[in-house]
Amino acid sequence: MSRTVTATEAKNRLGALLEAVAEHQDEVIVESHGRARAVIVPVVAYEELTALRDRKRRQDAVSSLRRLREQVRARNEDLSDEEALAIADEISHAAVDRMAERGEIVFERDKR
């Protein structure tokens, strides 16, 4: 069950509101000037929201990549499989090299 409080009430009763949220797994909507401005939610609900957001972001990325793949295929129907693989290999190597330069990945050979 959610409840709504003013920003002033939230400021004055933050400890009690946090306890109610944690204990009863309720949400508290904080309003300012009659408009909802924020929500205090249990950590479990926040973690679920974060996981859903991450899953949606991954799904959107996969969908974008699939659309891009189809666009590339349509524009490059005259390429042989070998030519396409060579281009993909070149792009992949360039991306990996950039990641290594930025320190995002480290190869065993470079640790010595």
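Within each chain, residue numbers correspond to sequence positions counted from 1 in written order. Side-chain atom pairs in this predicted model are given and counted only at pLDDT of 80 or more, local residue features only at pLDDT of at least 70, and totals for whole chains, interfaces and linings cover all residues. Excluded from the side-chain calculations are hydrogens and water; all other atoms, namely the structure's heavy atoms, are used.

With 7 residues, the main nonpolar core is built from Val 5, Ala 10, Leu 17, Val 21, Val 28, Val 30 and Ile 40. Secondary structure is summarised from DSSP: a helix means a run of H or I of at least four residues, a strand means a run of E of at least two, and numbering begins at the N terminus for each. If you list the elements that add at least two residues to this core, you get α2 (14-24) and β2 (27-32). Buried Ala, Val, Leu, Ile, Met, Phe, Trp, Tyr and Cys residues that are joined via side-chain atoms within 4.5 Å together make up what is termed a nonpolar core. Here the term buried applies to any residue with accessible area under 20% of the maximum for its type, exposed to any over 50%, and partly exposed to those in between, with areas from a 1.4 Å probe on protein chains only.

A word on unusual backbone geometry. For Gln 25, which is not glycine, the phi dihedral falls at a positive 55°. Mapped onto the fold, Gln 25 is located in the loop between α2 and β2. Notably, His 33 is not glycine yet its phi reads approximately 55°, a positive angle. Mapping His 33 onto the fold places it in the loop between β2 and β3 (35-40). On the accessibility criterion, His 33 (77% relative accessible area) is exposed.

If you trace the backbone, Val 28 turns up in strand β2. For the pair Val 28 and Glu 47, spaced 19 residues apart in the sequence, the C-alpha separation amounts to 17 Å. The contact criterion used throughout is that any non-hydrogen atoms of two residues lie within 4.5 Å. When near neighbours in sequence (up to four residues on either side) are disregarded, Val 28 contacts Arg 3, Val 5, Leu 17, Val 21, Ala 38, Val 39 and Ile 40.

Turning next to the pattern of salt bridges. Side-chain pairs of opposite charge can arise whenever the charged atoms involved come near each other. Criterion for a salt bridge: a side-chain nitrogen of Lys or Arg within 4 Å of a carboxyl oxygen of Asp or Glu. Taken as a whole and assessed by the stated rule, the structure comprises 7 salt bridges. Across the salt bridge formed by Glu 70 and Arg 69, the nearest N and O atoms sit 3.7 Å from each other. Taking relative accessible area as the criterion, Arg 69 reaches 40% and is therefore assigned partly exposed. As a salt-bridge pair, Arg 102 and Glu 104 come within 3.0 Å of each other at their nearest N and O atoms. Among the residues examined, Arg 102 registers a relative accessible area of 54% and is labelled exposed. In this structure Glu 104 comes out as partly exposed when scored by relative accessible area, which is 46%. Each of the salt bridges in this network shares a partner with another, and the network as a whole consists of Arg 3, Glu 9 and Arg 13.

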